Amino acid sequence: MTSHQTTQTMKPATAAKKLGVYLEATPAEFQEGVVSRTELNALQADPPQWLQDLRRNGPHPRPVVAAKLGISISGLARGGVTEPLTTEQIDALKEDSPEWLQQERATQAGVRKEAARIKEKNAARGEQPGRPRS
């Protein structure tokens, strides 16, 4: 019995998400076609100029904007940021440092600290044999 593998493809929106770019800012041929796993790997390994420019200058999708600001995607929404932002706009926000951004950064720092505490607690629990897990 012979098995043949079909080429794995994805929608442009999925490929854009994996590449970390805003779909509407990509070239029309990218938006209208399908992307194979091989093409995606090639784009990641050797990005064309349009992809390099998008990653550098934007507009960036919400997950990228949130990461660049050091906050959560929910924090973006609470701050009233619903549209994609360019790198220049993100830098301006960082420079202005509005109160909502400072608060969201503090919240995110607390979340990270708590996650590290839980991870440490779980690691310590795993090192002590015979202790029941609750």
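For the structure itself, look to the data block above.
Residues numbered from 1 in each chain as written. Predicted model: local features only at pLDDT ≥ 70, side-chain atom pairs only at ≥ 80, totals over all residues. Heavy atoms only, no water.

Visitor: In this structure, what is going on with unusual backbone geometry? I would like to understand it.
Guide: Trans is the prevailing form of peptide bonds, just as negative phi is the prevailing case for residues other than glycine. Of note, the amide linkage connecting G58 to P59 takes the cis form, showing an omega dihedral of 10°. Along the chain, the position of P59 falls in the loop between helix 4 (49-57) and helix 5 (62-69). At S97, a position not held by glycine, the phi torsion is positive, near 45°. Position of S97 relative to the elements: it lies in the loop between helix 7 (87-96) and helix 8 (99-127). By relative accessible area, which is 22% here, S97 ends up partly exposed. (Helix = DSSP H or I, 4+ residues; strand = E, 2+ residues; numbered from the N terminus. Buried < 20%, exposed > 50% of the residue type's maximum accessible area, 1.4 Å probe, protein only.)

Visitor: Can you walk me through the packing of helix 1 (residues 12-19) against helix 3 (residues 37-45) in this structure?
Guide: A packed helix pair is summarised by two numbers, namely the angle formed by the two axes and the spacing between the axes. At their nearest, the axes of helix 1 and helix 3 sit 11 Å apart, and the two run at 30° to each other. Between helix 1 and helix 3, the angle falls in the class roughly parallel. For the pair helix 1 and helix 3, the crossing hand works out as right-handed. Every residue of helix 3 that contacts helix 1 at A15, K18 and L19 is listed here: R37, L40, L43 and Q44. Residues of the contact of helix 1 with helix 3, tallied by class, amount to 4 nonpolar, 1 polar and 2 charged. (Axes fitted to C-alpha atoms, helices over the stretch in contact; angles between N-to-C directions. Parallel < 35°, antiparallel > 145°, perpendicular 65-115°, else oblique. Left-handed = near helix turned anticlockwise from the far one by under 90°. Contact = heavy atoms within 4.5 Å. Nonpolar A, V, L, I, M, F, W, Y, C, P; charged D, E, K, R; others polar.)

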